[in-house]
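Structural characterization, general
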Amino acid sequence: MSKIKVVDSLIKDLLKKIDDDTIDWVDEKQNLQSIMENGGLVDRMWPVKLIEDYCEENSAAKILDYGCGSGILNLLLLLKGYSNVHGVDVVEKFDSKILEHMQFDNASFKLIGEDERLPFDDATFDVITSSLVLEHVENVDFYYSEASRLLKPGGVCFFNFPHRLKPYDSHSRCWFIHYFPKSIRKLLWDIFARQDGDYLNNYLFLKTVSYHKRIAMKYFSHAENRTGNRIKEINFVNYKGSSKIRLIASKLMGLKYVGNIFIKIFSLNASVDLYLEKSSY
Ligand SMILES: C[S@@+](CC[C@H](N)C(=O)[O-])C[C@H]1O[C@@H](n2cnc3c(N)ncnc32)[C@H](O)[C@@H]1O
């Protein structure tokens with residue numbers, strides 16, 4: 001059975017368990033349902049695969065999702081058998097009753113303050129993930145320093161976030177907007193986006209990949225852009241949305257000799273996959 005089908009069936013099981021119970025987890029249920037309906041699961045398949053490849057059979061590996069939102073990745077990992085999965089976020093969207101209900105005793109969700117030290121000891125985690133968070137973080141330096149503090153020596157981070165040179169900004173639904181300086185961006189947003197420019201200017205802090213790598217290298221021994229690996233390996237045919245375009249993209253990237261050029265072109269318009277390592281000594 002394909003990995004996507006395995007996780008699909010895990011989510012269906014979870015939905016059934018929620019249905020069978022009297023506890024009202026409406027938000028969580030809606031979230032899971034929309035993931036099933038919109039093919040959004042593909043987005044979570046990649047961090048799950050990275051963690052599985054890294055942790056192999058070590059189901060006791062300690063994992064933190066830094067900016068976990070409603071905790072979908074945490075739940076998928078717990079359902080897949082990882083027992084030590086933790087989530088933090090500056091907003092309480094993760095209903096942690098679900099952890100108690102499913103008897104995930106070593107898992108947790110903690111509400112944190114922005115730029116506040118996280119409530120974990122140094123060198124606690126084997127893996128830290130972050131998905132679509134860093135574009136909302138103003139103090140990127142603090143975020144990387146906390147991630148590094150919490151990681152065990154030899155541990156890794158899998159961070160994914162849109163970067164400043166990505167032509168299309170999915171938050172404001174505008175093209176090339178981040179190529180402009182902040183003041184002009186606000187004007188353009190006021191004209192073209194659904195939300196006002198002030199709001200977006202205080203909500204989006206996209207930076208270039210090289211900026212992120214430079215800051216990350218203050219705290220990690222290795223930082224690598226692995227976006228190509230993701231867009232090459234994800235099975236685009238499984239998307240339920242614009243599958244024709246994705247199918248063509250998938251074929252172009254698979255071409256002999258010129259496939260790598262297409263991977264580079266498609267990577268530019270994709271969010272970055274930044275892989276970080278903390279040295280083991
Ligand atoms: C687009 S959501 C992504 C949530 C989740 N990672 C996912 O993939 O479903 C971005 C999340 O980042 C959180 N966030 C923003 N700034 C943060 C910070 N400084 N520290 C931790 N989380 C943060 C937001 O509250 C929000 O839940």
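Summarised in this report is the structure supplied together with it. (Residues numbered from 1 in each chain as written. Predicted model: local features only at pLDDT ≥ 70, side-chain atom pairs only at ≥ 80, totals over all residues.)

Considerations on the overall build of the protein
Scanning the protein for helices and strands turns up 12 helices and 9 strands. For the protein, with 281 residues in total, the buried portion stands at 32%. In the protein, of all internal contacts separated by at least 6 residues, the share reaching a separation of at least 24 is 64%. (Helix = DSSP H or I, 4+ residues; strand = E, 2+ residues; numbered from the N terminus. Buried ≥ 20, exposed ≤ 12 C-beta atoms within 10 Å, placed from the backbone. Contact = placed C-beta atoms within 7 Å.)

Examining the site of the ligand
Taken together, the neighbourhood of the ligand is formed by 15 residues, with Gly67, Gly69, Val91, Ser131 and Val133 sitting nearest. Class assignment for the residues of the shell around the ligand results in 8 nonpolar, 4 polar and 3 charged. (Near = placed C-beta within 6 Å. Nonpolar A, V, L, I, M, F, W, Y, C, P; charged D, E, K, R; others polar.)

Observations regarding the nonpolar core
Grouped together as the largest cluster of nonpolar side chains are 45 residues, with contacts concentrated most on Ile63, Leu77, Ile128, Ala147, Cys157 and Leu276. Dropping the residues within four chain positions of it, Ala147 is found in contact with Tyr66, Ile128 and Cys157. (Core = buried A, V, L, I, M, F, W, Y, C linked by C-beta atoms within 7 Å.)

So, the sheet that holds strand 3 (residues 108-111)
Taken together, the 7 strands give an open sheet; going across it, the order is 3-2-1-4-5-9-8, and neighbouring strands pair in mixed fashion. Every other strand in the sheet has two partners, leaving strand 3 and strand 8 (222-225) as the edge strands with one partner each. The mean inter-strand angle of the sheet, taken between neighbouring strand axes irrespective of direction, is 15°. Bridge count for strand 1 (residues 62-66) against strand 2 (residues 84-89) is 5 bridges, and the pairing is parallel. Bridge pairing in strand 2 places Tyr66 opposite Val88. Helix 4 (residues 72-79) rests against strand 1, strand 2 and strand 4 (125-131) of the sheet, and its axis sits at about 175° to strand 2. Packed on one face of the sheet, helix 6 (residues 140-150) meets strand 1, strand 4 and strand 5 (151-161) and runs near 145° to strand 5. (Pairing = 2+ DSSP bridges. Axes fitted to C-alpha atoms, helices over the stretch in contact; angles between N-to-C directions.)

Quick notes on unusual backbone geometry
A positive phi angle, close to 60°, is found at Asp115, a residue other than glycine. Topologically, Asp115 is positioned in the loop between strand 3 and strand 4. According to the C-beta neighbour criterion, Asp115 is partly exposed, with 13 such atoms within 10 Å. The phi dihedral of Leu132 is positive, around 60°, even though this residue is not glycine. Take Leu132: it is sitting in the loop between strand 4 and helix 6. C-beta crowding within 10 Å serves as the criterion here: with 16 such atoms nearby, Leu132 is assigned to the partly exposed category.

With respect to the environment of Lys218
Inspection of the secondary structure puts Lys218 in the loop between helix 9 (209-216) and strand 8. For Lys218, a count of 11 C-beta atoms within 10 Å corresponds to the exposed category. Measuring from C-alpha to C-alpha, the distance between Lys218 and Ser145 comes to 8.2 Å, with 73 residues separating the pair along the chain.

Some words on the environment of Ile63
Its location among the elements puts Ile63 in strand 1. With 22 residues separating them along the chain, Ile63 and Val85 place their C-alpha atoms 4.8 Å apart. Contacts of Ile63, omitting those with residues within four sequence positions, involve Ile51, Leu77, Tyr82, Asn84, Val85, His86, Phe125, Asp126, Val127 and Thr129.

Topic: helix 6
Taken together, the buried positions of helix 6 are Tyr143, Tyr144, Glu146, Ala147, Ser148 and Leu150. Those residues of helix 6 hidden inside the fold are in contact with strand 1, strand 4, strand 5 and helix 9.

Brief notes about the environment of Phe180
Here Phe180 is to be found in the loop between strand 7 (174-175) and helix 7 (182-192). Taking the C-alpha atoms as reference points, Phe180 and Arg164, 16 residues apart in sequence, are found 9.8 Å from one another. Contacts of Phe180, omitting those with residues within four sequence positions, involve Arg185 and Leu188.

Quick look at the packing of helix 6 against helix 9
Relative to each other, helix 6 and helix 9 sit at 50°, their axes nearing to 9 Å. As summarised for this structure, helix 6 and helix 9 are arranged oblique, according to the angle between their axes. Note on packing geometry: the crossing formed by helix 6 with helix 9 is right-handed. Residues Val140, Asp141 and Tyr144 of helix 6 form the contact with helix 9, whose own contacting residues are His212, Ile215 and Ala216. Considering only residue class, the contact of helix 6 with helix 9 consists of 4 nonpolar, 1 polar and 1 charged. (Parallel < 35°, antiparallel > 145°, perpendicular 65-115°, else oblique. Left-handed = near helix turned anticlockwise from the far one by under 90°.)

Things to note about helix 4
Counting buried positions along helix 4 gives 7 out of 8 residues, so the element sits mostly inside the fold. Taken from the residues just after helix 4, Gly81 is the one with a positive phi, measuring 110°.

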